[in-house]
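# Tertiary structure, described
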Amino acid sequence: MYTLVCPPDSPCGCGSGREFGKCCLKDGNIRTKPKLLDPPKPTTGHTHPKCALNWTNDCDPKISGDHFVSKSVLKVLGGGRIKITTRDFSREHSLDSSSLKTKKLCRRHNSALSPIDAEAARFFSAFVSIHGALEGLNASQKFYFFSGIDIDRWMIKTLLMVYYAKLSNITPDTHNLPVHAKKMFTWDLGSPYGIYFRTKMDSGDEGRFRVEGATTVQIHTAGKTVVGVTISLGGFPMTLIFHGNPRKFGISKESHAYRPKNLVFFKGDDVYCIAMAYPKWKGEDIWISNGDSNAPIPSNESAEQADADKPDPASSD
Ligand SMILES: [Zn+2]
Ligand SMILES: [Zn+2]
């Protein structure tokens, strides 16, 4: 049994730059909340016909023409390519392609959703930094945490933009979107809906963690209904399901973890962690080996007692 220890004087995993003990650590637990995504008050009462969130009657008269993956995330992904796939469709786009710009959010909603773009950028940066650290680069931070709901919401936003921009053969003309999908920016659907992480990688690639290669957005459907999306950064896929029975889309307890508590990346005894905090949820840890897929999970049993009074970085309320 490995215990993750994050001293209170280390940099806070929220990315604030402050000390953990003076920032998000309260009574031995992480306190973090999903970002608020409502546009500033007062509401406008305006419904922009093209805005994906116009059901809230709180639009700006002007539409935004941003890239469907925000600039902050693009900067991290860098790789230059993004692949959009469905069961019977696949197309690769250059990340700077203007075809990836969508006019599907009004300016007001586009800027209201920008905090989740910033969190997604930080999330992918954490993967890239951890991967670099495990490959021998210097790393200042060992522990990162996120409100898992923010990442769910970034995934649904990305899916909505791909769907409305008709970047694949799954479009508003061919498939419907459950009404609650658009409401996920304000409330959480709860189990069994939300993020699933693969605990087993592809055969021959089991346990290996990659960040290079194209970013892939894969849309999942059941009949004529859009039910979820898988977004992969290099070889690391995460799936968001928001409708139907997840088992029908290849999600099972054997192969996936629902809303895991910690994503723990290791090589030898070098351990880095991304914690995913969800309200009232205690998920499991996933261990991801960098390189050798048969590497044993590091153990610090002897150190455990000495660290017993230190905070468990991955508890959340
Ligand atoms: Zn913090
Ligand atoms: Zn709007």
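Here the structure is a predicted model, which is why all the values come from computation and not from measurement.

## What about the overall build of the protein?
The number of helices and strands found in the protein is 6 helices and 15 strands. Within the span of the protein, comprising 317 residues, buried residues form 42% of the whole. Once local pairs closer than 6 in sequence are excluded, the contacts in the protein between residues at least 24 apart make up 69%.

## Some details on the nonpolar core
In terms of nonpolar packing, the biggest core is built from 84 residues, with Phe 124, Val 162 and Phe 265 touching the most fellow members. Looking at this core, the element that brings in the most residues is helix 4 (residues 148-164), giving 10 residues. Excluding its chain neighbours within four sequence positions, the residues that come into contact with Phe 124 are Val 73, Val 76, Leu 77 and Leu 233.

## As for the pairing of strand 7 (residues 143-147)
In terms of residue burial, strand 7 counts as a mostly covered element, since 5 of its 5 residues are buried. The alternating pattern of strand 7 places Phe 143, Phe 145 and Ser 147 on one face and Tyr 144 and Phe 146 on the opposite face, and all of these are buried. Pairing of strand 7 with strand 14 (residues 270-277), which is carried by 5 bridges, proceeds in the parallel orientation. Considered in strand 14, the bridge of Phe 146 is made with Met 276.

## Considerations on the packing of helix 3 (residues 114-134) against helix 4
At their nearest, the axes of helix 3 and helix 4 sit 9 Å apart, and the two run at 105° to each other. The angle between the axes of helix 3 and helix 4 places the two elements in the roughly perpendicular class. For the pair helix 3 and helix 4, contact is made by Ile 116, Asp 117, Glu 119, Ala 120 and Phe 123 and by Asp 150, Ile 151, Arg 153, Trp 154 and Lys 157, respectively. Taken together, the residues of the contact of helix 3 with helix 4 break down into 5 nonpolar, no polar and 5 charged.

How each quantity is defined
Residues numbered from 1 in each chain as written. Chains lettered and ligands numbered in written order. Predicted model: local features only at pLDDT ≥ 70, side-chain atom pairs only at ≥ 80, totals over all residues. Helix = DSSP H or I, 4+ residues; strand = E, 2+ residues; numbered from the N terminus. Buried ≥ 20, exposed ≤ 12 C-beta atoms within 10 Å, placed from the backbone. Contact = placed C-beta atoms within 7 Å. Core = buried A, V, L, I, M, F, W, Y, C linked by C-beta atoms within 7 Å. Pairing = 2+ DSSP bridges. Axes fitted to C-alpha atoms, helices over the stretch in contact; angles between N-to-C directions. Parallel < 35°, antiparallel > 145°, perpendicular 65-115°, else oblique. Nonpolar A, V, L, I, M, F, W, Y, C, P; charged D, E, K, R; others polar.

These results come straight from atomic positions and should not be treated as a statement about function.
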